[in-house]
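These are the residues of each chain, in order.
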Amino acid sequence: MGTGPVDAAAPRPEERLERAVRAAEQALIEYEIAVDTFRIEVENFSRLHHQKLGPMYSRLDELDAQIAEALAARTGNPEDIRKADEARARVMPMPAVEELFHGWMDGSGLFPEAEAMLTDQPVRPPQRVRPSEEARKLYRELARKAHPDLAQDDDERKRREEFITRVNAAYSRGDAPLLRELAEEWAAGPAPAERGPSPSEELYARLEWLAQRKELLTLVARELEEGAIGSMLRIAPDDPDRLLDEIAEQLLAQVAEREAELANLLSQPHASEGPSGSVGA
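None of these values were measured; they are calculated from a predicted model. (Residues numbered from 1 in each chain as written. Predicted model: local features only at pLDDT ≥ 70, side-chain atom pairs only at ≥ 80, totals over all residues. Heavy atoms only, no water.)

Participant: Would you take a moment to explain the overall build of the protein for this structure?
Facilitator: Counting its regular elements, the protein contains ten helices and two strands. The linear arrangement of helices and strands in the protein, starting from the amino end, is α-α-α-β-β-α-α-α-α-α-α-α. Looking at the 281 residues of the protein, the share that counts as buried comes to 23%. Put simply, 64% of the contacts in the protein that link residues at least 6 apart link residues at least 24 apart. (Helix = DSSP H or I, 4+ residues; strand = E, 2+ residues; numbered from the N terminus. Buried < 20%, exposed > 50% of the residue type's maximum accessible area, 1.4 Å probe, protein only. Contact = heavy atoms within 4.5 Å.)

Structure representation (structure tokens):
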């Protein structure tokens, strides 16, 4: 009695992997959409927050500086003077680029020495040989063919690494004749079988990439949520404008308190004045 026909509907070994990959891809797409949506909300709310509340924060910083300065002028205490200087420094405008790099700029920008320092590059890079087009072509072909990552075992990887080291040395000198010799040597050498990945290996690699991408997006989402603006949005996700109004009311109350405190300090005599406001003897 002969065997029956093979069941054409039998699932392939990779089918479960394929389904897992498709499900992971769809889940990642949805997750990316959610993260991007929240990122856009954070950016928009951040702009609105800056426009509406930024002037109030600036006013509070200015009042804090004025209060510290008034207190220092009244007490003459060195510690109060130091605190006043620090408070003023927080509200002073940032210096211009020319001030920051005084002596390091010419009419066209930073001097080469300054730019080199800022980019961690040597001030005078060594002269390099510019390889010919033939040398560049030979180098690219050899690098593709003999790359160590194409090895299937440790011995083959070692052979490729040693060969590529010779290729790099020849290319760094722009030695096209030597590169031609190396190309002939590689062509005449052993030709190991360069097995491509199997369908299952490709699917596993895809799953691994999807997992890594999800992990990266999770970090991005966490940073957004734990940031100042993201935290505010999580407090009032349905009505963030109301939250801004509440914060604005609190800031206005703080501004009023600071203004009253400043007025009270300015009405008091300085350390060098007598009780009546006249300068003491």
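Participant: Please clarify how the packing of aromatic side chains should be interpreted in this entry.
Facilitator: The description of an aromatic ring pair rests on the distance of the ring centres and on the angle between the ring planes. Across all of its chains, the model carries two aromatic pairs by this definition. Considering the side-chain rings of Tyr139 and Tyr171, the 4.2 Å spacing of their centres and the 15° angle between planes classify their relative orientation as stacked. Taken together, the residues span a long stretch of sequence, with Tyr139 in helix 5 (residues 133–146) and Tyr171 in helix 6 (residues 154–172) at a distance of 32 residues. With a centroid separation of 4.9 Å and an interplanar angle of 40°, the aromatic rings of Phe163 and Trp186 are classed as tilted. Of this pair, Phe163 sits in helix 6 while Trp186 sits in helix 7 (residues 176–188), and the two are 23 residues apart along the sequence. For Phe163, a relative accessible area of 5% gives the class buried. (Phe/Tyr/Trp six-rings, centres within 6.5 Å; stacked < 30°, edge-to-face > 60°.)

Participant: Could you clarify how one ought to interpret the confidence of the model for the protein in this entry?
Facilitator: Detail in the predicted coordinates should be disregarded across regions flagged by low pLDDT. Per-residue confidence for the protein gives a mean pLDDT of 76, with 75% of residues at or over 70. Per-element averaging of pLDDT across the protein places helix 3 (residues 97–100) at the bottom with 46 and helix 7 at the top with 90. Predicted confidence is poor over residues 97–106, with pLDDT under 50, and the contacts of this stretch with residues over four places away or in other chains come to 15 contacts. Every residue in residues 120–129 is under pLDDT 50, and counting partners more than four places away or in other chains gives seven contacts. (pLDDT = per-residue confidence, 0-100.)

Participant: Explain the pattern of salt bridges here, please?
Facilitator: Here the idea is simple: oppositely charged side chains can pair when their charged atoms come close. By the definition in use, this model includes 19 salt bridges. Note that Glu259 and Arg59 form a salt bridge whose closest N and O atoms lie 3.2 Å from each other. In this pair, Glu259 sits in helix 10 (residues 240–266) while Arg59 sits in helix 1 (residues 15–75), placing the two residues 200 residues apart along the sequence. Residue class for Glu259 comes out partly exposed when judged on its relative accessible area of 36%. Glu133 serves as the salt-bridge partner of Arg140, at 3.6 Å between the closest nitrogen and oxygen. (Salt bridge = Lys/Arg side-chain N within 4 Å of Asp/Glu carboxyl O.)

Participant: Looking at this structure, how should I read the packing of helix 6 against helix 7?
Facilitator: Each pair of packed helices gets described by two things: the angle between the helix axes and the distance between those axes. Where helix 6 meets helix 7, the axes come as close as 9 Å, and the angle between the chain directions of the two elements is 160°. One finds that helix 6 runs roughly antiparallel with respect to helix 7. Considering the relative orientation of helix 6 and helix 7, their crossing is left-handed. From helix 6, Glu156, Arg159, Arg160, Phe163, Arg166, Val167, Ala170 and Tyr171 reach across to helix 7, where they touch Leu178, Leu179, Leu182, Glu185 and Trp186. A breakdown of the residues in the contact of helix 6 with helix 7 according to their chemical character gives eight nonpolar, no polar and five charged. (Axes fitted to C-alpha atoms, helices over the stretch in contact; angles between N-to-C directions. Parallel < 35°, antiparallel > 145°, perpendicular 65-115°, else oblique. Left-handed = near helix turned anticlockwise from the far one by under 90°. Nonpolar A, V, L, I, M, F, W, Y, C, P; charged D, E, K, R; others polar.)

Participant: Would you explain the nonpolar core in this entry?
Facilitator: In a soluble, globular protein the nonpolar side chains are often hidden away together inside. Of all hydrophobic cores here, the largest spans 30 residues; its most connected members are Val42, Phe45, Leu53, Met232, Ile247 and Leu251. Counting only elements with at least two residues in this core, the list comes to helix 1, helix 8 (199–226), helix 9 (228–235) and helix 10. Top contributing element to this core by residue count: helix 1, with 13 residues. Core analysis: the next-biggest nonpolar cluster, separate from the first, contains twelve residues, Ala135, Leu142, Ala146 and Ile164 among them. (Core = buried A, V, L, I, M, F, W, Y, C linked by side-chain atoms within 4.5 Å.)

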